[in-house]
Amino acid sequence: MEPAGRHPNELGDFLKARRNQLTPGLVGLPESTTPRRVAGLRREEVAQLAAISVDYLTRLEQGRVQASTSVLITLANALRLDDDQRTYLFELAGKAPLLRRRSRPAQTVRPAMRRLLDQLTESPAIILGRRMDILAWNAAAATLYTDFSQYPANRRNYVYLLFNDPAVRDLHTDWEDAARTAVASLRMEVAKDPDDPELAALVGELSIQHPDFSTWWATHQVTTARYGTKDYHHPLVGNLTLDCDIWASSDESGQRIMVLTATSGTPSHEALRILTAWTAVPMTPTTHGSVRPLPSTPNED
């Protein structure tokens, strides 16, 4: 028997009430020039923001399906819920114990990964962490991709830059294929940690900003690709076909190092050699991931 004053589908009622309180402009969507038949956001708009299907959202609002924790997190972000509203949403869904945002420990590059990165002077290399965050890189990677240090740490994310950095986007000969693969890899990150609020926020932001991301995310394609070939067109050296290999750390940190190489004697190998020699002063990542000149003597800091 339902408690007095409580409806059988209070979760659905709350979701509908909340989306009726929002407008496209408040959530970063373009305002329509035609009259709207409903107050607030349409289901289609909320589904786009949360990277879920309209059919799933409809069934959720009608009480015909139970939401997973990851869906609740993305819906909370999409509907701009404050802390009290988030608490209420999770309690209605029967997931109150999972509501509190658990802070993840800061991602610190493992010393062994750092040593390996420092030794790779002729091959672009990047250390990836949780959520495909870019934790560190060598000078060759910065020359190939972009100056990662120009971004704050919370923006140094491989998928984010692939969609938002013009240099990274234009570098890829087939950007759509690269972006689809990256989205599928990010899907695997969600499977590893479905309750990560920062990951949910990243997915929500990319879904709002990029319809392509929202469309591909909704397909639920996943990949654990550890090697492959990448085709680039760099403004300085032209076309490059590079082998991409990703090695994972043996601990539970989730850190991986991505290394790009070319077969010796090929035009790509020569172009990569020219590219990695482009920086006159050798550079190495700092502890914060930016780059600085190598010390001239072993005793210099």
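The structure under discussion appears in the preceding block.
Residues numbered from 1 in each chain as written. Predicted model: local features only at pLDDT ≥ 70, side-chain atom pairs only at ≥ 80, totals over all residues. Heavy atoms only, no water.

Novice: Is there a simple way to explain the environment of Ile127 in this structure?
Specialist: For Ile127, the position within the fold is in strand E1 (residues 125-128). By relative accessible area, which is 0% here, Ile127 ends up buried. It is 7.5 Å that separates the C-alpha atoms of Ile127 and Met113, two residues lying 14 residues apart in sequence. Contact partners of Ile127, with chain neighbours within four places excluded, come to Val109, Met113, Arg114, Leu117, Asp133, Ile134, Leu135, Ala136, Gln255, Arg256 and Ile257. (Helix = DSSP H or I, 4+ residues; strand = E, 2+ residues; numbered from the N terminus. Buried < 20%, exposed > 50% of the residue type's maximum accessible area, 1.4 Å probe, protein only. Contact = heavy atoms within 4.5 Å.)

Novice: I keep staring at the packing of aromatic side chains and nothing clicks. Help me out?
Specialist: Note on aromatic pairs: each is described by the distance of the centres and the angle between the planes. Scanning all chains against the criterion turns up 10 aromatic pairs. With a centroid separation of 5.3 Å and 80° between ring planes, the pair formed by Phe163 and Trp175 is classed as edge-to-face. In this pair, Phe163 is assigned in helix H8 (residues 158-164) and Trp175 in helix H10 (residues 175-192), connecting sequence segments 12 residues apart. Both residues of the pair, Phe163 and Trp175, count as buried. (Phe/Tyr/Trp six-rings, centres within 6.5 Å; stacked < 30°, edge-to-face > 60°.)

Novice: Would you explain the nonpolar core in this entry?
Specialist: Nonpolar side chains tend to gather and get buried jointly when the protein is soluble and globular. Among the nonpolar cores identified, the biggest contains 44 residues, and Ile126, Leu144, Tyr145, Phe163, Leu186 and Phe213 are the most heavily contacted of them. Other than its neighbours up to four places away in sequence, Leu144 contacts Pro124, Leu171, Tyr232, His234, Leu240, Leu242, Leu260 and Leu275. Leu57, Ile73, Leu79 and Leu89 belong to the second-largest nonpolar core, a separate cluster that totals 29 residues. (Core = buried A, V, L, I, M, F, W, Y, C linked by side-chain atoms within 4.5 Å.)

Novice: I would appreciate a short explanation of unusual backbone geometry in the present structure.
Specialist: Trans peptide bonds make up the majority, and among non-glycine residues the majority have a negative phi. At Arg131, a residue that is not glycine, the phi angle is positive and equals roughly 65°. Looking at the secondary structure, you find Arg131 in the loop between E1 and strand E2 (134-137). At Met132, a residue that is not glycine, the phi angle is positive and equals roughly 65°. Among the secondary structure elements, Met132 is positioned in the loop between E1 and E2. When its relative accessible area of 6% is taken as the criterion, Met132 is described as buried.

Novice: Looking at this structure, I do not really get a nonpolar patch on the surface. What am I missing?
Specialist: On the surface, a cluster of nonpolar side chains totalling about 310 Å² of accessible area is made up of Leu236, Ile274 and Trp278. Along the polypeptide, Trp278 turns up in the loop between helix H13 (267-276) and strand E6 (283-285). Of the residues examined, Trp278 reaches a relative accessible area of 53% and is grouped as exposed. (Patch = residues over 30% accessible without salt bridge, like charges linked within 9 Å, V, L, I, M, F, W, Y side chains within 5 Å. Areas by Shrake-Rupley, 256 points an atom, 1.4 Å probe, with all protein chains shown as cover. Salt bridge = Lys/Arg side-chain N within 4 Å of Asp/Glu carboxyl O.)

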